[in-house]
Amino acid sequence: MKRLIVLVAVASFLLGACSPEIKPLADPGMGELSLTSIVYAADGSVIAEWHETEDRILVDFADLPVHLLNAVVAIEDQRFWSHQGVDLRAVARALVADANAGAIVQGGSTITQQYIKNVVLTPEVTIDRKIEEATLALRLEETLTKEQILERYLNTVYFGSGYYGVGSASQGYFGKPISEVTLGEAALLAGFIQSPSTTDPRLNQQAALDRRSVVLDKMIELGWITSDEGETARAETLQLATKQPPDQSNYPYFVEEVKRQLLDDPAMGLTATDRYQALFRGGLRIYTTLDPTIQAVAEASVAEILPENGPSAALVAIEPSTGYVRAIVGGSDFYATDDPVAQFNLATQGRRQAGSSFKPFVLAAALEQGMTLSTEFAGGSSVTIQTPSGPWVVENYAGSNWPDLTLLEATVFSVNVIYAQLVNAIGPESVVEMAENAGITSKLEPFHAIALGAQEVSVFDMASAYGTFAAGGIHVEPTLVTHIETHKGVNLYQPVPVITEAMSQDTASLVTGALSEVVRRGTGQRAQIGPPVAGKTGTSQAHRDAWFVGYTPELVAAVWVGFPQGQVSMEPPNTPITVVGGSYPAEIWAAFASQVLTGIGVTGLASPDALGMQRVTIDTSTGFLAGPFCPREFIQTINVPAGDAPTTVCPIHNPAGIVDVGATDVPSVIGMDLGEATSTLQALGFFVTIVWDDGGGLPQGTVFGQSPSPGFPAQLNSDIELTLAGPAFDAALPSVLGFTIEEAHSRMDPIGVGINVIIEAEANPDDAQRRPGVIWKQDPAKGGAVEGTVTVWINP
């Protein structure tokens, strides 16, 4: 049946081409006027309008260089000068392919047909439409000369970057009239026609140059230029003019990503010109997932944390259950004329090494193979793994030395030595498969170094993939557009996201439990916002890239910080501090999430099971138990299997015999308030750290958990972690202005905030109005985060 359809169609074309009764078609000129398309946010507000602009420079055939005409004809329709509007060989080939596929998969359109489609027909893609297109092309060639058709075609075809017609394309890309373009520039322009969005030289220079070479090779093959001329043109340096700023949008990085995706989506039209016409001339109503409130908070959070003239940041926020993309920060200022990369979307187009933020995919792959969070690997400061590529030497960050660790603790403290052994045990192929299933679309290679994030990914993909953990192992394809209607309200386009099971729900829950500990007590503590969240830090070699990706069941956000121009280390003097995933990225995430989740709410997260584990404090510079003289910056408290806990106090930093005099049993402080518990423990030589949790009906500030447990031995000067009832998610620092120090303690102690006192007279010229013993200033002020200490100034 398919063969019969094809034969009938081809016969129709043959008869039409030979018939003397073909009626001429009136000159369609440049087609009808275009309609403006409107882009809406999720709340119904207008965020962009897309329309044909006056940036169309009409050109006459006489102004078109011969090498431009040859370049276009060579790559688009090499038999243009000899056929009668339809290339029968190309049509037959395309019809066979289309009929076999049951859909339009090949165009076969001549330049005449493309021109007809651009100015007379709609972008509809059916076999009937193709036949109509061919018939009209035959009729048009009875009316217009080849030169007239080619002139009209080159004035209407889309060349990308908003340039409609070859005149505006030449002026926009090269800053010169079309009559002055070189052979290399002509070949570049001709190469854009097939896929202008993917060959945009400002966004993908190599793709544009590769396509230019294809055009030049075709011209050499046809004998229209010599090999020497082709090689000279191929060697031309690409010199682009500065792009003039378009109509500005409030959310340009999000809007441009929507535009880019739709211009590449065959559902919007078979060719690039079809899609451009639909978006910029079709009067569409495009409804997106952008939440303006969330987007504004994302932009403000980046601006708040990053220093001026420092690195840039990218942020993508996605709703895990639906895949709706709620916010995209792709750079600092899309419209900055003095920034050559301002319009490069760091969130969607950028690819950077993920560092340790890639480790959760390794963990998930291991859990799918039957390992548990309690699976233990040998510690140390470095390890050598034999790989098919040769020995792979891995060191921990800053050369830290760890004892044998479980996968949970290795994740919490991001221990490279453990993860190197883990990827060797499960195979890098399984990590690639897991990451791709979770939502990573970048090309990944099954090399061992993938475990440490040595391969490049996008911020967009990382948000999408972490959303799979948040959604219980289900990956929902990220979506920027919910639906598109015509200007008359007819539903034209409604994408259906692909939903797949990337991993078991148990695996996703275990990964979430481990990542919640990363934030609670590991490398991601600066991402704490009150309620439990899960996340992971990442830092690439030489501090060139820093990441934090965090989530709750309601929202996932990925943050990347780095210099967009290239591999620049974020270390002094390039940056005020040495930037790691736990610094700027985690702080940006916390500033963002603490505001956004207040309105959304937070569901509880899974917690890792610490049954049978013993909590010990170690010196990571030596791997021994921490003693009172170990440097505080190297001390970490970890959970290890009870039988594997280190027993020797660090002999490097502590004198002999310190074990005998420095260990004592931890008393029980369960049921005490914070003040009483702190006094009890400090009297025995312990330090106190606190965490807040839901204590049910217990009064706020009551201790209902401690680690190490009562009766366990612990070194003097080690940390005792207390779990206190409260505070509420929206707790904020109270004001103590006008209070005495005793009254201030009564307000701060229950929420775990210490007080640093400065005795200083109030800056008031009237000494009689000074209030002795009264607090007149505090920092942070009322409403600040409930954490650490508050400094108060008291009148003497």
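Read on for a plain summary of the structure.

Conventions we followed
- Residues numbered from 1 in each chain as written.
- Predicted model: local features only at pLDDT ≥ 70, side-chain atom pairs only at ≥ 80, totals over all residues.
- Heavy atoms only, no water.
- Helix = DSSP H or I, 4+ residues; strand = E, 2+ residues; numbered from the N terminus.
- Contact = heavy atoms within 4.5 Å.
- Areas by Shrake-Rupley, 256 points an atom, 1.4 Å probe, with all protein chains shown as cover.
- Core = buried A, V, L, I, M, F, W, Y, C linked by side-chain atoms within 4.5 Å.
- Buried < 20%, exposed > 50% of the residue type's maximum accessible area, 1.4 Å probe, protein only.
- Pairing = 2+ DSSP bridges.
- Axes fitted to C-alpha atoms, helices over the stretch in contact; angles between N-to-C directions.
- Polar contact = N/O pair within 3.5 Å; in protein donor to acceptor, adjacent residues only side chain to side chain.
- 1 Å grid on protein atoms, 1.4 Å probe; cavity = no way out; pocket = protein on both sides within 12 Å on 5 of 7 lines; lining within 4 Å.
- Points joined across faces, edges and corners; volume = space filled by probe spheres on them.
- Nonpolar A, V, L, I, M, F, W, Y, C, P; charged D, E, K, R; others polar.

1. A short note on the overall build of the protein
Of the regular secondary structure elements, the protein holds 23 helices and 28 strands. For the protein, contacts bridging at least 24 residues in sequence account for 69% of all contacts bridging at least 6. In the structure as shown, the protein presents an accessible area of about 34000 Å², 52% of it carried by carbon and sulfur atoms.

2. Here we look at the nonpolar core
With 104 residues, the main nonpolar core has Trp50, Ile286, Phe358, Phe361 and Met462 as its most contacted residues. At 8 residues, helix α18 (residues 459-470) tops the list of elements feeding residues into this core. For Phe358, the contacting residues outside a window of four places in its chain are Val431, Ala435, Ile440, Leu444, Ile450, Gly453, Val457 and Met462. Residues Leu64, Leu68, Val73 and Ala208 belong to the second largest nonpolar core, which totals 48 residues.

3. Focus on the sheet that holds strand β14 (residues 491-493)
Spatial ordering of the open sheet is given by β2-β1-β3-β13-β14, a layout of 5 strands whose pairing is mixed. The open sheet terminates on both sides in strands that have one partner only, identified here as β2 (46-50) and β14. Here the strands of the sheet are splayed against their neighbours by 25° on average, with no regard to which way each runs. In this sheet, strand β3 (residues 285-288) lies alongside strand β1 (residues 37-40) in parallel orientation, the contact comprising 3 bridges. Within the sheet, the bridge partner assigned to Val39 lies in β3 and is Ile286. Set on the sheet, helix α11 (residues 252-263) makes contact with β2, β3, β13 (481-485) and β14; between it and β2 the angle comes to about 45°. Contacting β1, β2 and β3, helix α12 (residues 272-281) crosses the sheet at an angle of about 80° to β1.

4. What to know about the side chain of Arg521
Mapped onto the secondary structure, Arg521 falls in helix α19 (residues 505-521). Engagement of the side chain of Arg521 in a polar contact is seen with the side chain of Glu517, the distance being 2.6 Å.

5. Brief notes about empty space enclosed by the protein
For the coordinates displayed, the defined rule picks out 5 cavities of 30 Å³ or more. A volume near 50 Å³ is recorded for the second largest cavity. Lining the second largest cavity are Ile318, Glu319, Pro320, Gly323, Ala463, Ser464, Gly467, Thr468, Ile474, His475 and Val476. Where the lining of the second largest cavity is concerned, the elements lending two or more residues are β4 (312-319), α18 and β12 (474-476). No other element matches the 4 residues that α18 contributes to the lining of the second largest cavity. Of the residues contributing to the lining of the second largest cavity, the split by class is 5 nonpolar, 5 polar and 1 charged.

By themselves these figures say nothing about function.
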